[in-house]
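Here is what each chain is made of, one letter per residue.
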Amino acid sequence: MEVTAWMSLHHAMNAQDRRPLSRATLRRIGRFARPHRRMLAAFLVFSVLMAVLAVATPVLAGRVVDAIVDGSGTGTVVWLAVVIAVLALAEGALGLANRWLSSRLGEGLILQLRTTVFDHVQRMPVAFFTRTRTGALVSRLNNDVIGAQRAFSDTLSGVVSNLVTLLLTFAVMVGISWQITLLALVLLPVFVLPARRMGRKLARLQREAAAHDAAMSTQMTERFSAPGATLVKLFGRPARESAEFAARAGRVRDIGVRAAMVQHVFVTALTVVSALALALVYGLGGFFSLRGQLDAGAVVSLALLLTRLYAPLTALASARVEVMSALVSFERVFEVLDLEPLVAERETAGTVPDGPAAVEFDAVSFAYPSADKVSLASLEEVASLDTRGGVQVLHEVSFRAEPGQMVALVGSSGAGKSTIAQLLPRLYDADEGAVRLGGVDVRDLTFESIRETLGMVTQDGHLFHESIRENLLLARPEATEDDLWDVLRRARLDTLIASLPDGLETIVGERGYRLSGGERQRLTIARLLLNRPRVVILDEATAHLDSTSEAAVQEALGEALEGRTAVVIAHRLSTVRAADLILVIEAGRIVERGTHDDLLALNGRYAELHRTQFDQRPTSETPLEPVG
Ligand SMILES: Nc1ncnc2c1ncn2[C@@H]1O[C@H](COP(=O)(O)OP(=O)(O)O)[C@@H](O)[C@H]1O
Ligand SMILES: [Mg+2]
């Protein structure tokens, strides 16, 4: 892996280490927990009860020993034994109930966080997805949500029950013999101080492992998609990809081994220290007992209690670190939730008026938003985000497509044609000026109304890795079988699909990779037809096709354009000859406008494009420009 990428990863992780956990975060976690407060209360009460039971048994065991030593009769001994048995059963039952409660709490929280993050990410503008690395985002939805749940159910509840157990045990021990208790605890600092350091070390190791896991999942999601894998096969260096992956996976293994060893040293030290303390209790207790200052039963109680004291103590010693590192997961989730979608629906948003709809651009200027407005450094896996504003891509673009008219956009690659198209469905919002649909500013329309009114075929007709039927139904879930075949016929796909062994149930492969370019494009046109939009946008819908495919797609497009308001971006001028209005776009400006004949007569840029396309090779197959 490249050095820079390592360094940026490192930066991102360090930045996270230093950031203090704010009160605001804690308050927010509280808000997340609020719907579960009854369960949480029950959980806490049960934890306290369990701690009481845990202390009661050693005390009763001491009583048994005393009863034996005193010779106070079999009745007492049996009775005490029965109580101990009942307590053991009760402890088991409470433990089950508590486990159920904490699972319900934890899983409920996972559900809540997951659905909230999913809904939020879905509302993010396209700009966010053009920057974010999918793997990093998915990892945040999985690993961090689970980390947050752990903070909530395991660590926080562990702290509560450990604290209660510790205080009760300590109080009872002091009640029996404060001298012995104090002496038994002398060894504590020897143990707790290194324990805290080890806890911190563990947290650091775990965080590093999490970062590597996220990076590996990014690499996998990017490389193991049909286009990604194709690219690696054509240009990539599989050996290097493997080496990079292996290096990361190897580091995760090393961390795993380190973490296991640190943990084991920790547990061993704990066992040794508590065994030493136990020896101290036996020695001192025995001494006091022989001198008649302490009952034999008290010594047994103390010894049993002590074994229950060190575990919560050590857990608490490292709890701060654990809680902190687990809360970091919450922060990482909140960080995503806090990213306001730049393109959002207004509360007052309405719908496009019924009837034929016009499209209007009114002095629209636009620059692609800078990274810090739409994205998170940690999701792009860079140390800091680009704050420079984008270069202005559109300059005061104004035009109008009357209902039923077709407006064509032509011009060199990179002129801004696709950008104009993307402003209509609000994939981005204009910076200045207004884009209107049916006379209403698109920013005052609901997304649903825009989706109903507008149909768009993009340059790379995207399909989901599902069946043809499911891909079509995306546009209109309630469509009938007849509707589907009708649009397939109009998109000139019916015979092909009828001839497939699985027909409509054929899986198209990831991003439609199992269909040819022309078939894929016609399927996206069928999908558009199913939605019956009043306005269609075609962004170089035929750019990638050979002339046979193009003929079929052209026929399909003819159906799509029939009686609709249309904005057509075409690199083949033959397609736009019939347009009511042709706009020539260069460097984000409309440099010429008029009909085909007007523009030829003008003898400007359009005439030039026309000449290069038709004069050199008088077929309609010569592309005007490189695809893009
Ligand atoms: N998502 C994006 N972020 C930043 N700049 C972009 C983005 N998409 C396109 N651009 C830039 O905007 C300009 C216009 O692009 P585009 O509208 O796609 O051109 P056309 O469709 O006419 O070929 C180009 O300079 C391109 O590099
Ligand atoms: Mg384009």
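All values derive from a computational prediction rather than experimental measurement.

On to the overall build of the chain, then. Tallying secondary structure elements over the chain gives 23 helices and 10 strands in all. In the chain, which comprises 628 residues, the proportion classed as buried is 46%. Sequence separation of at least 24 residues holds for 80% of the intrachain contacts in the chain that already meet a minimum separation of 6.

Moving on, we come to the sheet that holds strand E5 (residues 440-441). Pairing is antiparallel in the open sheet, where 4 strands are placed in the order E2-E1-E4-E5. One side of each edge strand has no neighbouring strand; the edge strands of this open sheet are strand E2 (392-401) and E5. The pairing of strand E1 (residues 359-367) with E2 spans 6 bridges and is classified as antiparallel. The residue of E2 that forms the bridge with Phe366 is Leu394.

Take the site of ligand 1 next. Near ligand 1 you find 12 residues, and of these Gly414, Gly416, Lys417, Ser418 and Thr419 are the closest. Note that an oxygen atom of ligand 1 is positioned 2.7 Å from one of the backbone N or O atoms of Gly414. Computed on the free molecule, ligand 1 has an accessible area of 560 Å², of which 61% lies beneath the protein chains in the complex. For the shell around ligand 1, the per-class residue count stands at 4 nonpolar, 7 polar and 1 charged.

In the structure shown here, the tally under the stated rule is 7 aromatic pairs. The interplanar angle of 75 degrees and the centroid separation of 5.0 Å between the aromatic rings of Phe366 and Tyr368 together place this pair among those described as edge-to-face. According to the relative accessible area criterion, Tyr368 is partly exposed, its value standing at 28%. With centroids separated by 4.9 Å and ring planes inclined at 90 degrees, the aromatic side chains of Tyr368 and Tyr428 adopt a geometry described as edge-to-face. Here Tyr368 is found in the loop between E1 and helix H13 (371-374), whereas its partner Tyr428 is found in the loop between helix H15 (417-423) and strand E4 (432-437), with 60 residues between them in sequence. Members of the aromatic cluster, joined through ring pairs, are Phe366, Tyr368 and Tyr428. Positioned above the aromatic ring of Phe334 is the side chain of Arg28, whose terminal nitrogen or guanidinium carbon lies 4.1 Å from the ring centre.

Pairing is mixed in the open sheet, where 6 strands are placed in the order E6-E7-E8-E3-E9-E10. This sheet does not close on itself; its edge strands, each paired only once, are strand E6 (454-457) and strand E10 (589-594). For this sheet, the mean angle separating the axes of adjacent strands, direction not counted, is 15 degrees. Pairing of E6 with strand E7 (residues 535-539) involves 4 bridges; the strand directions are parallel. For Leu454, the partnering residue across the bridge sits in E7 and is Val535. The sheet strands contacting helix H20 (residues 517-530) are E6 and E7, and the helix crosses E6 at an angle near 180 degrees. Across the sheet, helix H23 (residues 605-614) touches strand E3 (406-410), strand E9 (581-586) and E10, and the angle it forms with E9 is around 90 degrees.

This paragraph deals with the pairing of strand E8 (residues 565-569). Here is the key point about a regular strand: its side chains alternate between the two faces of the sheet. Counted residue by residue, E8 has 5 buried out of 5 residues, so it is predominantly covered. Side chains Thr565, Val567 and Ile569 of E8 all project onto a buried face; the interleaved residues Ala566 and Val568 project onto the opposite face, where all are buried too. Bridge analysis of E3 against E8 gives 4 bridges, and the strand direction is parallel. Of the residues in E8, the one forming a bridge with Ala408 is Val568. As defined by bridge partners, E7 adjoins E8 across 5 bridges and the pair is classed as parallel. Looking at the pairing, Val535 lines up with Thr565 of E8.

Quick notes on the rules
Residues numbered from 1 in each chain as written. Chains lettered and ligands numbered in written order. Predicted model: local features only at pLDDT ≥ 70, side-chain atom pairs only at ≥ 80, totals over all residues. Heavy atoms only, no water. Helix = DSSP H or I, 4+ residues; strand = E, 2+ residues; numbered from the N terminus. Buried < 20%, exposed > 50% of the residue type's maximum accessible area, 1.4 Å probe, protein only. Contact = heavy atoms within 4.5 Å. Pairing = 2+ DSSP bridges. Near = heavy atom within 4 Å. Polar contact = N/O pair within 3.5 Å; in protein donor to acceptor, adjacent residues only side chain to side chain. Areas by Shrake-Rupley, 256 points an atom, 1.4 Å probe, with all protein chains shown as cover. Nonpolar A, V, L, I, M, F, W, Y, C, P; charged D, E, K, R; others polar. Phe/Tyr/Trp six-rings, centres within 6.5 Å; stacked < 30°, edge-to-face > 60°. Lys NZ or Arg CZ within 6 Å of the ring centre and 35° of its normal. Axes fitted to C-alpha atoms, helices over the stretch in contact; angles between N-to-C directions.

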